[in-house]
Amino acid sequence: MTDTNYKPAGKAPFPPGRAGGWAFILHLADNALIIGQRNAEWCGHGPALEQDIAITNISLDQIGQARMLYNYAATLYNGFDSNEKTAVDHLVPRLWKAYNRELEEDDLAFLRDERQYLNLLLAELPKGDWAQTVLRQFFFSAFQFYQYTELQKSSDTQLSAIAEKSIKEVTYHLRWSAEWVIRLGDGTEESRRRITDALGELWMFTGEAFKPAPYEVIAVEDLKGAWIEKVATVFAEADLELPKSGWSQAGGKEGKHTEHLGYLLADMQYLQRTYPDSTW
Amino acid sequence: MVSDAEIWKLLEDVKDPEVPVLSILDLGIVRAVTTEGEQIKITITPTYSGCPAMDVISMDIRLKLIEKGYRNVAIQQQLSPAWTTDWMTTEGKAKLKAFGIAPPNPKQQVCADDLFSEEAIECPRCHSYHTELISQFASTACKAMYRCLDCKEAFDYFKCH
Ligand SMILES: [Zn+2]
């Protein structure tokens, strides 16, 4: 779904991921990991075998993206001087400090506390029913598509390489989820009721992506126009009404989360916290 | 002293663990081989970000080289330029088809990303183009699932990327 009308905003190239941009890399990684973990909950529970496989493949792509980003963040951190390390200390997992070894990707994924996670609230919401899952994926993938398009222009060559790699997958996710939104919106009475309910649940969580956090090095507010346009196009096909922008819920980017994230982390981090630094 | 050509030759024997008819050279994921004295450096690029085969492939490369007495091996992953199915060799595409998996179409031709559009995919069994998409995603992220409307068989399509 390469949008040929999309005119990227300015502000690139932005500075490489030294201490200032470190939180931004975590934010990108957390987005991918948390929505990937949520989608993985469908494994064995999808509405049809093909769709079970589709959503878990998407989950795998997202966790793969998270790995590349955590890996990069860990490598950067290990190369920081003491001032830089101090500057990002609030984001580093406390448990890891007792390990007496370099920081690794898994430490960032499995040992940070809830308040150290910087993902969008949209990513952590429960998977809900199939309508809620595919609509969330559509909102998220559409955002990620424009965000990674910008990131590809980064002067930080590792970040731009990760974006270049990931956007090919994101394009598939966006297409798949958009088709599902249309199928449900323009489907049966029940599917339409479900997608409409999902829209009611999710809409107020979509605005957060476009409210810049201090660490954000791309102008996310400038991506909103393209995102809305994409959503409007798909909604027109799906015969869904674009809600009027209204109040939106935010906080995830600053580490203030919904009650849902804690449960997700408890499930995901259980093993690493019970058997610290174990490998198998 | 070891030559680059020797190493390339050995890599032909390292297979994709998920599609074992393809070597990693057929797949186009080996980007560079450099040798300096006893030191061998191999650069590979992942097919998909979350592809679980990548770790296995790195290990298989190592094992293959150790088997031939090469122990000083460094394998690095390079993300950019991102892998594309256009890097798959013609020979690789022929092997895929013989194995029953429809090979990827050339990217510039039909790598469609419009909603609900379907690529024309040839059935690897009866060669009919009278086929339809069942699912964008199949047994692995790199494949889609199709059905042949003539011979009625379902088949995997190694989708263009
Ligand atoms: Zn056939």
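Above this text you will find the structure in question.
In this report, the structure presented in the accompanying data block is examined. Remember, it's a predicted structure, so these values are computed and weren't measured experimentally.

Rules used in this analysis
Residues numbered from 1 in each chain as written. Chains lettered and ligands numbered in written order. Predicted model: local features only at pLDDT ≥ 70, side-chain atom pairs only at ≥ 80, totals over all residues. Heavy atoms only, no water. Helix = DSSP H or I, 4+ residues; strand = E, 2+ residues; numbered from the N terminus. Rg over C-alpha atoms; globule rule 2.2 N^0.38 Å. Buried < 20%, exposed > 50% of the residue type's maximum accessible area, 1.4 Å probe, protein only. Areas by Shrake-Rupley, 256 points an atom, 1.4 Å probe, with all protein chains shown as cover. Lys, Arg positive; Asp, Glu negative; His and termini not counted. Charge placed at Lys NZ, Arg CZ, Asp CG, Glu CD. Pairing = 2+ DSSP bridges. Contact = heavy atoms within 4.5 Å. Expected span 1.5 Å × (residues − 1). Donors = N, O, S within 2.8 Å, 3.2 Å for Na, K, Ca; no water. Tetrahedral: all angles 85-135°; square planar, octahedral: opposite > 155°, others 65-115°.

**Some thoughts on the overall build of chain A**
- The secondary structure content of chain A amounts to 11 helices and zero strands.
- Reading chain A from its N end, one meets helices and strands in the order α-α-α-α-α-α-α-α-α-α-α.
- A compact globule built from 280 residues would reach a C-alpha radius of gyration of about 19 Å, and chain A, at 19 Å, matches this within 12%.
- When the backbone C-alpha atoms are referred to their principal axes, chain A occupies close to 60 × 45 × 30 Å.
- For chain A, with 280 residues in total, the buried portion stands at 58%.
- When the accessible surface of chain A is totalled, it reaches about 11,600 Å², and 53% of it is carbon and sulfur.
- Distance between charge centroids for chain A: 2 Å, based on 28 positive and 40 negative side chains.

**Some thoughts on the sheet that holds strand β5 (residues 131-135) of chain B**
Residues and elements named next belong to chain B.
- Ordered by their spatial adjacency, four strands build an open sheet running β4-β7-β6-β5, and the pairing between neighbours is mixed. With partners counted over all chains shown, the strands left at the sheet margins are β4 (101-102) and β5, one partner each.
- Relative to strand β6 (residues 143-148), β5 runs antiparallel, the two sharing four bridges. Bridged to T131 within β6 is C148.

**Examining the environment of B:I42**
- In this fold, B:I42 is placed in strand β2 (residues 39-44).
- Setting aside chain neighbours within four positions, we find B:I42 in contact with B:I7, B:L11, B:V30, B:A32, B:V33, B:I61, B:L65, B:V73, B:A74, B:I75 and B:Q76.

**Let's talk about helix α7 (residues 130-151) of chain A**
- For α7(A), built from 22 residues, the straight-helix expectation of 32 Å at 1.5 Å per residue is met to within 8% by its first-to-last C-alpha distance of 30 Å.
- For α7(A), the tally of buried residues reaches 22 of 22 residues, placing the bulk of the element in the interior.

**Description of the coordination of the zinc ion**
Residue and element names in this part refer to chain B.
- Here the zinc ion is held by C123 (SG), C126 (SG), C148 (SG) and C151 (SG), and the distances to it run 2.3 to 2.4 Å.
- Because the angles between the four donor atoms bound to the zinc ion fall within 103 to 117°, the donor set is best described as tetrahedral.
- Sequence positions of the donors to the zinc ion reduce to the motif C-x2-C-x21-C-x2-C.
- Overall, C148 belongs to the buried group, its relative accessible area being 1%.

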